[in-house]
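Single-letter residue listing:
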Amino acid sequence: MEVTMETGGLPLELWRMILAYLHLPDLGRCSLVCRAWYELVLSLDSTRWRQLCLGCTECRHPNWPNQPDVEPESWREAFKQHYLASKTWAKNALDLESSVCFSLFRRRRERRTLRVGPGQEFDSLGGALAAASLYDRIVLFPGVYEEQGETALKVPVEIVGHGKLGEVALLASIDQHCSTARLCNLVFMPAWFSPFMFKTTSGHVQFDNCNFENGHIQVHGPGTCQVKFCTFRNTHVFLHNVPLCVLENCEFVGSENTSVTVEGHPSADKNWAHKYLLGLVRSSPSVLPTEDSDFLMSLDLESRDQAWSPRTCDIVIEGSQSPTSPVASSPKPGSKAGSQEAEVGSDGERLAQTPEGSDGGLSPSGEEEEQEQEEEEEDQLTYRLSYQVQGPRPVLGGSFLGPPLPGASIQLPSCLVLNSLQQELQKDKEAMALASSVQGCLIRKCLFRDGKGGVFVCSYGRAKMEGNVFRNLTYAVRCIHNSKIVMLRNDIHRCKASGIFLRLEGGGLIAGNNIYHNAEAGVDIRKRSNPLVLCNQIHHGLRSGIVVLGNGKGVIRNNQIFSNKEAGIYILYHGNPVVSGNHIFKGRAAGIAVNENGKGLITENVIRENQWGGVDIRRGAVPVLRSNLICFGYSDGVVVGDEGKGLIEGNTIYANKGCGVWMMSSSLPHVTSNHVSYNGLYGMAVFSQKEGARELPGGHGAQEHFSEDGDAALWEPELEKDEDPLRQPLAVALVESNSVNHNGASGLYIQSSEALHVITNVIHANGDRGITIAQSGQLTRVANNSISCNRQSGVKVEAQCKVELRGNGIYDNRGHGIITKGDSTVVIENDIIGNRGSGLQLLPRSDTKVIKNRIHSFRAYGIAVRGRTRALVQENIFFQGKTNKTIFQQISNNRECVMQNNKFLVFKKKSDTWRLMNPPARPHLENSLRGPSAAHSGQKVAAMATRITARVEGGYHSNRSIFCTIL
């Protein structure tokens, strides 16, 4: 026959047509003829094998009930899997027959078929069971069979309904006492005297293609069960201490309580069927991925890939200019003198002066005039300032340093790219072991709908759920009392409460699930529960995506959490999870909210495009927020308020429409080593709570109602001692070692009645001032910061503020270096050099101490005193700027302004050399970084220049100049 096929006998299509009429045994024999026939039989997958699979009365569509319209990859393989599964119940008979004693002393007996029904040999099921022998088949013909007493299965039998499903109904309470049984194609209903339709305590039972209505199924360990293609209508399946039970392709509808309860630790005592069920489970196709086919949503982020390198700021008043630095211009004819007019020097420079108390920054019109007057200044005396400013290296390498470009895509660093589930499991051996384990109850490819509860696992129970659909329930899965669940690739949506609920030390693995449109949290973790939540999509919830509270823990990793109505992740009441590698975006409230003494280690997440704060920390919360990307939010990047605390370290906070970091004065955070850039308002803002608090939606500062456990006071008795050194409380809010640059308003804005320390930050090129201190009821300490190239003044201090400025380098700001109205301002040991306005401007009614500073301004005065002010100017070094400018300007004879022991350096001869020595140029940051900031991110600011050199080349010819450089 093989030769005929190969040499051009009948066409293959005709062979397929002939073989399509064969029954299953005949197809098997044909496949054994030769290789060509074997392949020919396999090629009948979409025809004959499909007919055999769908025509079998003992099974349904392989993808029923979740995807009945989707064809399987192979009809033959699906039919094979069902055929093998349907024979599991009789494996015990093969074991007995293979034993030596049985084969020697007992002759093999053929199975009988006993028929029950009108006109058949038996009228009732009880009569047939009384006459049945081992492994007999009992066929119930169409009709309703009602047993008046409890029916006992004493010998292994198979009970099958004849005809279509629904034609045979059995009202009985069956108690299994034998080792195995199979029931197929039956409709079960409870008898009048008991709600239990079937019970077993030690044997194995198999249900295929059955309906169960309004009753209970109970299996006690070491008993086992195998259920496939069954429908449960308002039926409760109770599994107690079972070593292994398998529920596949079943539908659970309209339960008034829980559909499946798994209680108790799996029994160590296992019956004969356990090994066969385990082999069957492991041989069948798994829902675990074999390739990187996991969902990965593309990011609509905007950025430029620009390396962070030392910035050279050159100010050149001559024909050529640096593209990053503005050029001063000469005045137009007819300009007037006065305090609000332009000051004109011998070189024709025009310094735009604004009304008293302003910063003196150039207006756009002034910048246009610079270009018009450029050629007229060629013959004038020129000066140049060149130095380098380098901020902390951002944790994301070269990304997110340039302005956001509309329509530009972004390349995330590898640490922030979502991995597939398979990649995560390969990295995490413990998670892989959990995903591969089979213990207790396995529920696979089932549908739970339109009822109260799905699966309830309690009292050390074990359950694994793969590829199921839970919809329109009160809740999908509950895991409590030291139980463990493994949930893989389930679809959970439209629950009236939380989708997955864990409490009282529940745990396990929740991976690769699609959880959406639930009325409460997608995943709710409470009371010391500690699951691994991995690679899920949690979205479009009516409240939060994930809630962790009441000392709940857990590892929440590599999930996509988006478009939820409240916070993507909500941590409160001493919840303490590890949240890492997630993408949390497009939420209608905060990305992550930590509230009511919540904790948590929040690292390496991408938090973007949320309506409110990217991260919101309030009401005594103490999280560690580290190395996250918080970007493109419609409000602030990070909000800390209402006694919020914690460590905010090494984050990139980029292109949010509000502030980068918003702190309320009642909070005590430690904000360190962050890269805060291109935010719409302030880089960082500290406001008093009364004026800065905002009305926020749920999940963002509002009290959330948790229906399961009521009032917050219930959580207080369960407090755990916190010995984490990262969370030790601070006495004063601390902002240190951050890079704050290119934000729309001031780099740092302070309006607070509480103490604040601002230390070792780089505040650069912001759209307004470097630091604005509008209110400071207690001391604000600003020390060892680099404040440069900001659009207005470096630092502005308003009236009635208490401020100490110490050890800062204030360079090349487009307004004054420091402008103050404060009634208690101390300016000590700063380098104030190269600013477009005066080095310091002291406004009326201010009280300032200026001690041991080095001050230089090219275009204006070292110190300008406006009106009556109290000042002590002592032991400072002033470097001359323009030759026709005085170093110190005082408008009125002010006896309260005292100058003592200051040193004035002016140009005299070309050999003069000025050096910034003892100490070198400020700020001195190498020894200022401490604790986790230095250890974790290794961010340091390079030393500034150490030498000022002045040289005179001849007179004032256009080809000669005075050149002043900070090297």
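Residue numbers run consecutively from 1 along every chain, following the written order of its sequence. Per-residue local features are limited, in this predicted model, to residues with pLDDT of at least 70; the limit for side-chain atom pairs, both in listing and counting, is 80 or more; totals at the level of whole chains, interfaces and linings are taken over all residues. Each side-chain value is derived from all of the structure's non-hydrogen atoms; neither hydrogens nor water enter the calculation.

- Per an unreviewed UniProt entry, the chain goes by the name F-box only protein 10 and belongs to Pipistrellus kuhlii.
- UniProt positions are given in the numbering used here, feature names are shortened, and annotations may be inferred rather than shown by experiment. UniProt, in the comment section headed Subcellular location (unreviewed entry), describes the chain in these words: "Cytoplasm".
- We quote the UniProt Pathway (unreviewed entry) comment for the chain here in full: "Protein modification; protein ubiquitination."

Regarding the overall build of the chain
Next, step 1: Each helix and strand in the chain was counted, giving 15 helices and 80 strands.
Next, step 2: Working definition: with a 1.4 Å probe on protein chains only, accessible area under 20% of the residue-type maximum means buried, over 50% means exposed, and in between means partly exposed. Counting all 967 residues of the chain, 60% fall into the buried class.
Next, step 3: Values of accessible area rely on a 1.4 Å probe in the Shrake-Rupley scheme; residue burial ignores everything except the protein chains shown. Here the chain has roughly 37700 Å² of accessible surface; of this, 50% comes from carbon and sulfur atoms. Each helix is a run of DSSP H or I of at least 4 residues and each strand a run of E of at least 2, with the numbering of both proceeding from the N terminus.

Observations concerning the pattern of salt bridges
Two side chains that carry opposite charge are able to pair once their charged atoms sit near each other.
Next, step 1: Only one rule defines a salt bridge in this text: a Lys or Arg side-chain nitrogen within 4 Å of an Asp or Glu carboxyl oxygen. Evaluation of the coordinates by the stated rule reveals 33 salt bridges.
Next, step 2: Here Asp-768 and Arg-769 are joined by a salt bridge, their closest N and O atoms 3.9 Å apart.
Next, step 3: Asp-768 gets classed as partly exposed once you look at its relative accessible area, which sits at 24%.
Next, step 4: The buried category is assigned to Arg-769, whose relative accessible area is 16%.
Next, step 5: For the salt bridge of Lys-796 with Glu-798, the shortest nitrogen-to-oxygen distance reads 3.4 Å.
Next, step 6: Through salt bridges with shared partners, a single ionic network connects Arg-111, Arg-137, Glu-158, Arg-182 and Asp-208.

Quick word on the side chain of Asn-628
Next, step 1: Positionally, Asn-628 belongs in the loop between β46 (624-626) and β47 (629-631).
Next, step 2: Only 3.1 Å separates the side chain of Asn-628 from the backbone oxygen of Arg-626, close enough to count as a polar contact.
Next, step 3: Contacts are assigned to residue pairs that have any heavy atoms within 4.5 Å of one another. Discounting chain neighbours no more than four positions away, the residues touching Asn-628 are Ile-602, Thr-603, Glu-604, Asn-605, Gly-650, Asn-651 and Thr-652. Polar contacts here mean pairs of N or O atoms no more than 3.5 Å apart (in protein, one a potential hydrogen donor and the other a potential acceptor; neighbouring residues in sequence count only if both atoms are side-chain atoms).

Details of the packing of aromatic side chains
Next, step 1: Two rings from Phe, Tyr or Trp (for Trp, the six-membered ring) form a pair when their centres are within 6.5 Å of each other. A pair whose planes differ by under 30 degrees is stacked, one over 60 is edge-to-face, and the rest are tilted. Summed over all chains, the structure comprises 19 aromatic pairs.
Next, step 2: Between Phe-188 and Phe-212, the aromatic rings sit 4.9 Å apart at their centres with planes inclined by 10°, giving stacked as the arrangement. Taken together, the residues span a long stretch of sequence, with Phe-188 in strand β9 (residues 187-189) and Phe-212 in strand β12 (residues 211-213) at a distance of 24 residues.
Next, step 3: The class of Phe-212 is buried, set by a relative accessible area of 0%.
Next, step 4: Each ring, one from Phe-562 and one from Phe-585, has its centre 5.0 Å from the other, and the planes form 10°; the classification is stacked. Note that Phe-562 is positioned in strand β38 (residues 560-562) and Phe-585 in strand β41 (residues 583-585), a separation of 23 residues in sequence. When sorted by exposure, Phe-562 lands in the same class as Phe-585, which is buried.

Focus on the packing of helix α3 (residues 24-31) against helix α4 (residues 35-42)
Next, step 1: Working convention: axes come from line fits to C-alpha atoms, limited for helices to the stretch in contact. Angles between N-to-C directions cover 0 to 180 degrees. As a packed pair, α3 and α4 sit with axes 7 Å apart at the nearest point and diverge in direction by 140°. For the pair formed by α3 and α4, the contact residues are Leu-27, Cys-30 and Ser-31 on the first element and Trp-37, Tyr-38 and Val-41 on the second.
Next, step 2: In the scheme used here, Gly and all other residues not listed as nonpolar or charged are polar, with Ala, Val, Leu, Ile, Met, Phe, Trp, Tyr, Cys and Pro taken as nonpolar and Asp, Glu, Lys and Arg as charged. A per-class count over the contact of α3 with α4 returns 5 nonpolar, 1 polar and no charged.

Brief notes about a nonpolar patch on the surface
Next, step 1: Like charges are joined within 9 Å and nonpolar side chains (Val, Leu, Ile, Met, Phe, Trp, Tyr) within 5 Å, but only among residues with over 30% relative accessible area and no salt bridge; these make up the patches. Side chains of Leu-10, Leu-14, Met-17, Ile-18 and Tyr-21 sit close together on the surface and give an oily, nonpolar patch of about 510 Å² of accessible area.
Next, step 2: Among the secondary structure elements, Leu-10 is positioned in the loop between α1 (2-6) and α2 (12-19).

As for the confidence of the model for the chain
Next, step 1: One number per residue, pLDDT, summarises how confident the predictor is, and it ranges from 0 to 100. Scored by pLDDT, the chain comes out at a mean of 78, with 74% of its residues at no less than 70.
Next, step 2: Every residue in residues 290-357 scores below 50 in pLDDT, and together they form 206 contacts with partners more than four places removed in sequence or on other chains.
Next, step 3: Confidence over residues 690-704 falls short of pLDDT 50; this stretch has 48 contacts with residues more than four positions distant or in other chains.

Considering the state of the cysteines
Next, step 1: Cysteine sulfur atoms that come within 2.5 Å of each other are treated as a disulfide pair. Evaluated as defined, the whole model comprises 0 disulfides.
Next, step 2: Take Cys-245: it sits in no disulfide, and the sulfur closest to it among the cysteines is that of Cys-225, at 3.3 Å.
Next, step 3: Classification of Cys-245 by relative accessible area gives buried; the value is 0%.

Let's talk about the side chain of His-493
Next, step 1: Relative to the helices and strands, His-493 resides in strand β29 (residues 491-493).
Next, step 2: Residue His-493 is classed as buried on the basis of its relative accessible area, which comes to 11%.
Next, step 3: In this structure the side chain of His-493 is engaged in a polar contact, spanning 3.4 Å, whose partner is the side chain of Asp-491.
Next, step 4: Setting aside its immediate chain neighbours within four residues, His-493 contacts Val-469, Phe-470, Arg-471, Asn-472, Tyr-516, His-517 and Asn-518.

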